[in-house]
Amino acid sequence: DKRVVIIGAGIVGTNLADELVSRGWTNITVVEQGPLRMPGGSTSHAPGLVFQTNASKSMTEFAKYTVQKLLSIDCFNQVGGLEVATTAERMEELQRKHGYATSWGVETQLLTTDECVALYPHLSEDVVLGGFHIPSDGLALAAQAVQRLIERTRKVGVQYLEHTPVTGFVKDDDTITGVITPNGTIQADIVCSCAGFWGVEVGALAGVPIPLQPMAHQYVKTTAVPKQKGRNPEPNGATLPILRYQDQDLYYREHGDRYGIGYYGHKPMPVTAASLGPTAENVSESNMPSRLAFTPQDFEPAWKLTQEMLPALRDSEVAEGFNGILSFTPDGGPLVGRAPNLEGFYVAEAVWVTHSAGVARSLAEVLTTGKSTIDLSGAELSRFEDIQLAPDYVTETSSQDFVEVYDIIHPLQPRESPRDLRVTPFHARQKELGAFFLEAGGWERPQWYDVNAKLLRDLPPRWQPRERDAWSNRFYSPTTAVEAWKTRTAVAMYDQSPIRRIEVSGPGAESLLQRLATGDVSRDAGTITFALMLDDHGGVRSDVFVARLAKNLYQLGANGPTDVAYLTREARLQSSTDPRRFAQVRDITGATSSIGLWGPRAREVMGSLSSDKQLADLSPMRVTRTHIAGLPVLMQSISFLGEAGWEIQTSAENGLRLWDAVFQAGQGHGIVAAGRGAFNALRMENGFRSWGADVTTEHNPFEAGFADAVDTSKADFVGRAALVRLSKAPLTRRIRCLTLETAGTVMMGKEPVYLDGQAVGYVTSAAFAYTVGRPIAFAYLPNEVREGSRVEIAYFGRRQLHATLQFPRVDGIGKF
Ligand code: FAD
């Protein structure tokens, strides 16, 4: 029976205790620095609005479960949610939201102005253009839920220690073994920090960086609103839907006949939790560490805007207010899961009340079964790059998230600052070629190159870019068509440097990878194996190209920092169990640079760069070391795009010379530098699914169309038993490629797909397929939907696009 210590008795910590109890774990101690009846964290004053719909499927799933659970303990007032638009752009955003909600299984409606006013009579019809109604949203009674959960988990033996601050940890090497408090040390096998915005301080005690920034946010209550009289007899009662007025960063709920108003329109107010001092013995509604003095001048614009939107409130005043503290993170997601650098230490922080029970359930699943049923890739603590853990980065990006919390953000929109954090050795050349950069993981990544625009006039009519709708036209250039055309008909070079490269070495490298990957990686040096890394339940945790460079040396082409954390931990565990099978994992991404050279003329370009005959004859999925243009390179014959060629890798300091040599050699063959826009379109034409967008741990290899990448004849590997089981069960859904019947609209992903008028699936990624002159999309659909079937896709909330189903790749593409 594992000894678990949970730090923090807010809505997250208590839900976690409860979720563990319901899975049979009861050896649990919850340690809280404040008094249990009102601990004084963010939960103690949370107004509890739960809007479930989110562009992220996982966030929506977390919220759906929170609603379900709070209803089950009688701590949810399901008044519904209403988001209103006052601009055409917001109305479009609400239409898209209606699409996400449908994709993720939340029933919602778009409303006209009249319908909004009928539902919510206080609204000014002069201001509202329309709305989005979510009948299952509502108000969480968060503080009450905490008390209920404490009560019911106590009954089965969970211990709660109040007025007990955690002041340190006991560690044995890199494993946590105990929690230090002024009243003594508590032995622990597992520690879960649910310390809310104190997460940074608690993390520091354990040596675990926690990238969150506490921020103050204003909340006020009005005096009684005459028009509300008698509507809600209870002082905190509410019957109208919770209301969001995002165009002005405002939200509303009723407190009996008074109104509660939350405001995000003021300047960001970052706070350091350590500066707040210890939690007082006598925490009260008006005296708690998470509640700072109200700054009325910051609220002034909100009050004026409120009176315009809700004229009934003109007969009331702001009675009281406070600046309450909650957590923001660099990408707006929560922080959940295992600490990459400390065995036994887990977190669930930067979690809203809205997502609390869902996040707690996922973490409880991770602890008890090793896997969350909901995809955690956007929530994992280990998802951040080192540079993103720098405190300045966390403060700047989290402050920006605060500013943008209700803004309309395009899926491709890069942050404006900080930029140029990580640039590849080719950066100077890319700028000369007019690269338009997007940002990912701190890397600057060319989306297209303006210099190629001059080739638009050479494009054959079939390849000419089509006019696009305004939304998909953002962060897009028709030049992408040129880059796609050149890749298919001549040759193009792509900067692959930011793609994760991980070196696995040592006498235990082979056994480590044989155990973690689905493919057979025991083949000779010089081979590349495409494989998956699965969890124990057969969910796809990553896809990897495993290149064997020598007996005890592999290089993996992988995905994010979570892969590095996973491989590092597994190598550490293996090495400590059996030192003869020692394996070391090293992220070599930043130390190396890489060019993808692809296209029918790639061989000719290589011919002028190298006299190495073997290179030109290198068959697909082989790796070799050689020299080209006087530079030591690692050549991998891999293609994502369905064209022959190589990934040419050299160390970072040689990168610039490599770029110049390849670019120069390609001049006679029509080479262009090409960006991610073309890459994405071409990889989709080739049926190549992208982990994170098209495939996550929620999908098994059969659903994701990756059956070829699993080798169940291989001896045991992680997920094998599950695969054997899954292979015998009927498939319920499958990823498919949809070809749209008309050009002109390119989806952005997450749109719902309808068959016979029913929403049956959702788009994972989409692009304009230049090779066939039509937009395409990948979508998960019920397995019985057959090739050639006609489906509809809702774009901006309307079923307006017709598409036909194909799989796995667009006809005739994928020659490699
Ligand atoms: P907390 O409730 O802060 O709990 C953490 C606990 O850990 C605290 O009780 C603290 O005392 C304890 N702790 C910390 N350090 C230690 C230590 N060293 N030793 C022992 N114990 C420790 N969310 C919504 O979903 N909807 C809303 O409408 C909403 N409105 C909000 C309005 C305001 C004004 C604010 C400030 C927040 C709002 N939030 C809302 C956010 C929400 O309140 C929080 O995200 C949520 O309550 C966090 O819960 P938690 O359990 O993680 O943190």
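If you're wondering where the values come from, they're calculated on a predicted model, not measured in any experiment.

K.L.:
Quick question: what am I supposed to make of the sheet that holds strand β8 (residues 138-140) here?
P.N.:
The pairing of strands in a sheet comes from backbone hydrogen bonds and takes either a parallel or an antiparallel form. With respect to topology, three strands assemble into an open sheet ordered β3-β8-β4, the strand pairing being antiparallel. Unpaired on one side and paired on the other, β3 (49-50) and β4 (76-77) mark the two borders of the sheet. As defined by bridge partners, β4 adjoins β8 across two bridges and the pair is classed as antiparallel. Counterpart to Phe76 in the pairing with β8 is Ala140.

K.L.:
I keep staring at the pattern of salt bridges and nothing clicks. Help me out?
P.N.:
Think of it this way: side chains of opposite charge can pair up when their charged atoms draw near. Throughout the structure, instances matching the rule amount to 40 salt bridges. Between Arg96 and Glu93 there is a salt bridge; the shortest N-O distance is 2.6 Å. With Arg96 and Glu93 both in helix α3 (residues 88-103) and three residues apart, this pair spans about one turn of that helix. Residue Arg581 pairs with Asp578 through a salt bridge whose shortest N-O separation is 3.1 Å. Since its relative accessible area comes to 32%, Arg581 is described here as partly exposed.

K.L.:
Looking at this structure, I do not really get the pairing of strand β21 (residues 335-338). What am I missing?
P.N.:
Where β21 lies against strand β22 (residues 345-349), four bridges are found, and the strand directions are antiparallel. Its bridge partner being in β22, Val336 is matched across the sheet by Ala348. From the end of β21 to the start of β22, which pair antiparallel, there are six residues, and Gly344 there has a positive phi angle of about 90 degrees.

K.L.:
Explain the sheet that holds strand β11 (residues 175-181) to me, please; I cannot follow it from the model alone.
P.N.:
Taken together, three strands build an open sheet; the order of strands is β10-β11-β12 and the sheet is antiparallel. This sheet does not close on itself; its edge strands, each paired only once, are β10 (168-172) and β12 (184-187). Averaged over neighbouring strand pairs, the angle between their axes works out to 30 degrees when direction is ignored. Pairing of β11 with β12 involves four bridges; the strand directions are antiparallel. Across the sheet, the residue bridging to Thr181 is Gly184, located in β12.

K.L.:
Please explain the environment of Trp303 as it appears in this structure.
P.N.:
Along the chain, the position of Trp303 falls in helix α7 (residues 296-309). Along the chain, Trp303 and Trp471 lie 168 residues apart, while their C-alpha atoms are 33 Å from each other. Contact partners of Trp303, with chain neighbours within four places excluded, come to Thr222, Ile261, Leu313, Ser316, Glu317 and Val318.

K.L.:
What's the story with the packing of helix α11 (residues 479-489) against helix α17 (residues 676-685) in this structure? I'm lost.
P.N.:
For any two helices packed against each other, one specifies the inter-axial angle together with the distance between the axes. The contact between α11 and α17 brings their axes to 8 Å, and the two run at 50 degrees. By the angle class used here, α11 and α17 are oblique. For α11 against α17, the interelement crossing comes out right-handed. Together, Thr480, Glu483, Ala484, Thr487 and Arg488 of α11 and Gly677, Ala678, Leu682 and Glu685 of α17 make up the contact between the two elements.

K.L.:
Looking at this structure, how should I read the packing of aromatic side chains?
P.N.:
For any pair of aromatic rings, the description consists of the separation of the ring centres together with the inter-plane angle of the planes. In this structure the tally under the stated criterion is 28 aromatic pairs. Judged by centre distance (5.2 Å) and plane angle (75 degrees), the rings of Tyr264 and Tyr406 are edge-to-face. In this pair, Tyr264 is assigned in the loop between β17 (258-263) and β18 (269-270) and Tyr406 in the loop between α9 (391-403) and α10 (427-432), connecting sequence segments 142 residues apart. You'll find Tyr264 and Tyr406 in the same group, each marked buried. One Lys or Arg, Arg689, reaches over the ring of Phe706 and ends 4.5 Å from the middle of that ring. Over the face of the ring belonging to Tyr780 we find Arg733, whose NZ or CZ atom lies 5.6 Å from the ring centre.

K.L.:
Before we go on, may I ask you to explain the site of the ligand in this structure?
P.N.:
Lining the immediate surroundings of the ligand are 35 residues, of which Glu32, Thr43, Leu49, Val351 and Thr354 lie closest. One nitrogen or oxygen atom from the side chain of Gln33 is found 3.0 Å from an oxygen atom belonging to the ligand. Across the complex, the protein chains shield 97% of the 1000 Å² of accessible surface that the ligand would expose by itself. Those elements giving two or more residues to the shell around the ligand turn out to be α1 (11-21), β14 (213-222), β20 (318-328) and α8 (353-369). Broken down by element, the shell around the ligand gets its largest block of residues, three residues, from β20. Residues that form the shell around the ligand fall into these classes: 21 nonpolar, 13 polar and one charged.

K.L.:
Before we go on, may I ask you to explain the nonpolar core in this structure?
P.N.:
Where a protein is soluble and globular, its nonpolar side chains tend to be buried together. Tyr494, Leu532, Phe545, Phe640, Leu641, Val695 and Tyr770 are the most contacted members of the largest nonpolar core, which has 53 residues in total. No other element matches the five residues that α17 contributes to this core. Not counting residues up to four positions away in its chain, the partners in contact with Phe545 are Ile528, Thr529, Phe530, Gln555, Leu556, Gly557, Met621, Ile638, Phe640 and Phe688. Core analysis: the second largest hydrophobic core is formed by 46 residues, Ala9, Leu36, Val50 and Tyr160 among them.

K.L.:
Even after reading the chapter, I still don't get the side chain of Glu703, so can you show me in this structure?
P.N.:
Considering the arrangement of structural elements, one finds Glu703 in the loop between α17 and α18 (720-728). At 2.9 Å, the side chain of Glu703 and the backbone nitrogen of Asn700 are in polar contact. Glu703 has contacts with Glu698, Leu731, Thr732, Arg733, Arg734, Ile735 and Tyr780, leaving out every residue within four places of it along the chain.

K.L.:
Can you walk me through the environment of Arg501 in this structure?
P.N.:
By the element assignment, Arg501 lies in strand β26 (residues 500-505). What makes Arg501 buried here is its relative accessible area of 3%. Expressed as a C-alpha distance, the spacing of Arg501 and Pro620, which sit 119 residues apart in the sequence, is 19 Å. For Arg501, the contacting residues outside a window of four places in its chain are Gln496, Gln555, Leu556, Arg586, Asp587, Ile588, Thr589, Thr592, Ser593, Ser594 and Gln649. A polar atom in the side chain of Arg501 sits 3.2 Å from the backbone oxygen of Gln496. At a separation of 2.8 Å, a polar atom in the side chain of Arg501 contacts the side chain of Thr592.

K.L.:
In this structure, what is going on with the pairing of β11? I would like to understand it.
P.N.:
Taken residue by residue, a regular strand's side chains alternate between the two faces of the sheet. Sheet analysis places β10 next to β11, joined by five bridges and oriented antiparallel. Looking across to β11, one finds that Lys171 is bridged to Ile176. Two successive antiparallel strands, β10 and β11, enclose a turn made up of two residues, where Asp173 displays a positive phi of approximately 55 degrees. From the end of β11 to the start of β12, which pair antiparallel, there are two residues.

K.L.:
When you look at the state of the cysteines in this model, what are you seeing that I'm missing?
P.N.:
Two cysteines form a disulfide when their sulfur atoms are joined by a covalent bond. Tallied over the entire structure, the rule returns zero disulfides. With no disulfide of its own, Cys192 lies closest to Cys194 among cysteine sulfurs, the gap being 5.8 Å. When its relative accessible area of 0% is taken as the criterion, Cys192 is described as buried.

K.L.:
What exactly am I supposed to notice about a negative patch on the surface here?
P.N.:
There is a patch of like negative charges on the surface, built from Asp114, Glu115, Glu125 and Asp126. With respect to the helices and strands, Asp114 occurs in helix α4 (residues 113-119).

K.L.:
I keep staring at unusual backbone geometry and nothing clicks. Help me out?
P.N.:
Backbone geometry follows two general trends: most residues other than glycine have a negative phi, and most peptide bonds adopt the trans configuration. In the segment running from Ser417 into Pro418, the intervening peptide bond is cis, with an omega of -5 degrees. As for its placement among the helices and strands, Pro418 is situated in the loop between α9 and α10. Residues other than glycine seldom take positive phi values, yet Asp173 does so here, at roughly 55 degrees. Position of Asp173 among the secondary structure elements: in the loop between β10 and β11. A relative accessible area of 71% means that Asp173 is categorised as exposed. Even without a glycine there, the phi angle at Asp249 is positive, about 60 degrees.

K.L.:
Would you explain the packing of α1 against helix α5 (residues 142-154) in this entry?
P.N.:
Contact pair α1 / α5: the axes reach a minimum separation of 9 Å and the direction vectors enclose 35 degrees. The hand of the α1/α5 crossing is left-handed. Facing α1, whose interface residues are Ile11, Thr14, Asn15, Ala17, Asp18 and Val21, α5 presents Ala142, Ala145, Val146, Leu149, Ile150, Arg152 and Thr153.

Cut-off values and rules
- Residues numbered from 1 in each chain as written.
- Predicted model: local features only at pLDDT ≥ 70, side-chain atom pairs only at ≥ 80, totals over all residues.
- Heavy atoms only, no water.
- Pairing = 2+ DSSP bridges.
- Helix = DSSP H or I, 4+ residues; strand = E, 2+ residues; numbered from the N terminus.
- Salt bridge = Lys/Arg side-chain N within 4 Å of Asp/Glu carboxyl O.
- Buried < 20%, exposed > 50% of the residue type's maximum accessible area, 1.4 Å probe, protein only.
- Axes fitted to C-alpha atoms, helices over the stretch in contact; angles between N-to-C directions.
- Contact = heavy atoms within 4.5 Å.
- Parallel < 35°, antiparallel > 145°, perpendicular 65-115°, else oblique.
- Left-handed = near helix turned anticlockwise from the far one by under 90°.
- Phe/Tyr/Trp six-rings, centres within 6.5 Å; stacked < 30°, edge-to-face > 60°.
- Lys NZ or Arg CZ within 6 Å of the ring centre and 35° of its normal.
- Near = heavy atom within 4 Å.
- Polar contact = N/O pair within 3.5 Å; in protein donor to acceptor, adjacent residues only side chain to side chain.
- Areas by Shrake-Rupley, 256 points an atom, 1.4 Å probe, with all protein chains shown as cover.
- Nonpolar A, V, L, I, M, F, W, Y, C, P; charged D, E, K, R; others polar.
- Core = buried A, V, L, I, M, F, W, Y, C linked by side-chain atoms within 4.5 Å.
- Disulfide = S-S within 2.5 Å.
- Patch = residues over 30% accessible without salt bridge, like charges linked within 9 Å, V, L, I, M, F, W, Y side chains within 5 Å.
- Lys, Arg positive; Asp, Glu negative; His and termini not counted.
- Charge placed at Lys NZ, Arg CZ, Asp CG, Glu CD.

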